[in-house]
Amino acid sequence: QVQLAESGGGLVQSGGSLRLSCAASGRTFSTSAMGWFRQAPGKEREFVAAINWSGGKTYYTDSAKDRFTISRDNAKNMVFLQMNSLKLEDTAVYLCAASEGSATTDIVQSTSLLWGQGTLVTVSS
């Protein structure tokens, strides 16, 4: 089973950038699809981005397209979310997720993901 730990959150001005990292442990990481979700105060958790087991396929929610990039390094058991042109509405706790499956759809459609604790991103004006 995969265990996840996010880092890299913080306070950033609108228009700025942050890079989130997710360190994964567990022997199944390299075959697991991975993803990022976020939960803003008072709102439901929402999907942000997903990457398949090899890193060859990615998928984004519309609000993340052209601004965020998900990537992974299977040799280091790491997943990243590069966030550029941050907006006030990007403020949220960002959570890393792992699927038992290998495809991006396994992140988007699954109801049984493994979760990290989250890292807070605050975008200020």
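Residues numbered from 1 in each chain as written. Predicted model: local features only at pLDDT ≥ 70, side-chain atom pairs only at ≥ 80, totals over all residues. Heavy atoms only, no water.

A separate point is the pairing of strand β11 (residues 119-124). Residues Thr119, Val121 and Val123 line the buried face of β11, whereas the alternating positions Leu120, Thr122 and Ser124 sit on a face that is not buried. When strand β2 (residues 10-13) meets β11, the two strands line up parallel, connected through four bridges. Bridge pairing in β11 links Val12 to Val123. Taken together, the three bridges between strand β9 (residues 92-98) and β11 define a ladder with antiparallel strand orientation. Pairing of Tyr94 across the sheet is with Thr119, part of β11. (Buried < 20%, exposed > 50% of the residue type's maximum accessible area, 1.4 Å probe, protein only. Helix = DSSP H or I, 4+ residues; strand = E, 2+ residues; numbered from the N terminus. Pairing = 2+ DSSP bridges.)

Turning our attention to unusual backbone geometry. Of note in this structure, Asn77 is not a glycine but carries a positive phi near 55 degrees. By the element assignment, Asn77 lies in the loop between β7 (68-73) and β8 (78-83). Residue Ser85 is not a glycine yet carries a positive backbone phi of 50 degrees. In this structure, Ser85 sits in the loop between β8 and β9. Residue classification places Ser85 among the partly exposed residues on the basis of a relative accessible area of 40%.

Per the stated rule, a full pass over the model turns up four salt bridges. Between Arg38 and Glu46 there is a salt bridge whose closest N-O contact spans 2.6 Å. Taking relative accessible area as the criterion, Glu46 reaches 35% and is therefore assigned partly exposed. A salt bridge links Asp90 to Arg67; the shortest N-O distance between them is 2.7 Å. Of this pair, Asp90 sits in the loop between β8 and β9 while Arg67 is found in the loop between β6 (58-60) and β7, placing the two residues 23 residues apart along the sequence. Each of the two residues, Asp90 as well as Arg67, counts as buried. A network of salt bridges, in which partner residues are shared, links Arg38, Glu46, Arg67 and Asp90. (Salt bridge = Lys/Arg side-chain N within 4 Å of Asp/Glu carboxyl O.)

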